[in-house]
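Take a look at the letters that make up each chain.
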Amino acid sequence: RLIADRGDDAGLKRAMELYARAEANGSAYGAYDLGWVYVHRLRDAVNALPHFERAVELGAYDAYWDIASLYYGGELISQDLEKAFGYYSLGAERGDADCIAALGIMYYYGQGTAEDRKKAVEHFKKGAFLGNASAMINLAKCHLTKSVKKAVELYTEAAKESAEAAYDLALMYMSGDGVEKDAATAIGWLGKAADGGNTDAMFDLAELYDRGEQVPKDDALAFRYYKLAADGGDANAMFNVGLCYFNGQGHEKDYAAAK
């Protein structure tokens, strides 16, 4: 994969040759990585699927998640929720936490199967037990109406690796929704979520520093977080970055950049 990640066409071609040779010699992860290249580098699901299927045959059962996700997302191939459910189920039978968590979502919303909230919660619990952050978050949401304490425990555990969970915790502490209102704790979780790539957290932090709410006003930090959120695709942040450049707020005036 080091060669494949080089970015040039020659490197990619060479990597695919090596993966194909490894697959021909019975390497499960040679087949898996070849499928990965087709999806993530060539955006070609049709040619990826046979390699993922071969990976499964050779024992790389995490390829079930990749196959299911292609059918679930419907971006590179036609969406087929029943096939997605079937492949997630196969992965879940092999103990794949990601597949178990995904099944929980499908049961919860009745996607590719009959809606069954009880089974959804069961799968969220299984996934959470296996350490899956997505399952923990969804289980926490299910607990919010019953036990906020348990929900916070799950969010806190999930936040170790999930920016989404950290952001949800921040909102709870900022609003006092089910927990004691604590701006300092909320800002700490916002920072963790922002560090994890959550653009909503970046924008919220930027606004706090911009307005001097809950934190001392800091134009430089406001600009920094607006810029990070803008780079992540947040349209409101892009507008605010433009204003910062135009007004020289947190950054030198730069009318060209403002445009």
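Shown above is the structure to which this text applies.
Residues numbered from 1 in each chain as written. Predicted model: local features only at pLDDT ≥ 70, side-chain atom pairs only at ≥ 80, totals over all residues. Heavy atoms only, no water.

Q: Would you take a moment to explain the environment of Gly59 for this structure?
A: Mapped onto the fold, Gly59 is located in the loop between helix 3 (45-57) and helix 4 (63-73). Given a relative accessible area of 29%, Gly59 falls into the partly exposed group. For the pair Gly59 and Ser27, spaced 32 residues apart in sequence, the C-alpha separation works out to 9.1 Å. (Helix = DSSP H or I, 4+ residues; strand = E, 2+ residues; numbered from the N terminus. Buried < 20%, exposed > 50% of the residue type's maximum accessible area, 1.4 Å probe, protein only.)

Q: How should the layout of surface pockets be read in this particular structure?
A: Where empty space is left in the structure can be found by rolling a water-sized probe over the atoms. Reported here for the largest pocket is a volume of approximately 270 Å³. Around the largest pocket, the lining comprises 13 residues; the ones closest to its centre are Tyr108, Val121, Asn138, Lys141 and Cys142. If you tally residues by element for the lining of the largest pocket, the top one is helix 8 (residues 133-143), at five residues. Its residues placed into classes, the lining of the largest pocket shows seven nonpolar, three polar and three charged. Of the volumes computed, that of the second largest pocket is approximately 220 Å³. Val39, His40, Arg43, Phe52, Trp65, Asp66, Ser69, Leu70, Gly73, Gly74, Glu75 and Leu76 together form the lining of the second largest pocket. (1 Å grid on protein atoms, 1.4 Å probe; cavity = no way out; pocket = protein on both sides within 12 Å on 5 of 7 lines; lining within 4 Å. Points joined across faces, edges and corners; volume = space filled by probe spheres on them. Nonpolar A, V, L, I, M, F, W, Y, C, P; charged D, E, K, R; others polar.)

Q: Even after reading the chapter, I still don't get unusual backbone geometry, so can you show me in this structure?
A: The general pattern is negative phi for most residues beyond glycine and trans for most peptide bonds. A positive phi angle, close to 55°, is found at Arg43, a residue other than glycine. Within the secondary structure, Arg43 sits in the loop between helix 2 (28-40) and helix 3. The exposure class of Arg43 is partly exposed, given its relative accessible area of 47%. Here Gln214, not a glycine, exhibits a phi torsion of approximately 70°, which is positive. Relative to the helices and strands, Gln214 resides in the loop between helix 12 (199-211) and helix 13 (219-231). On the accessibility criterion, Gln214 (52% relative accessible area) is exposed.

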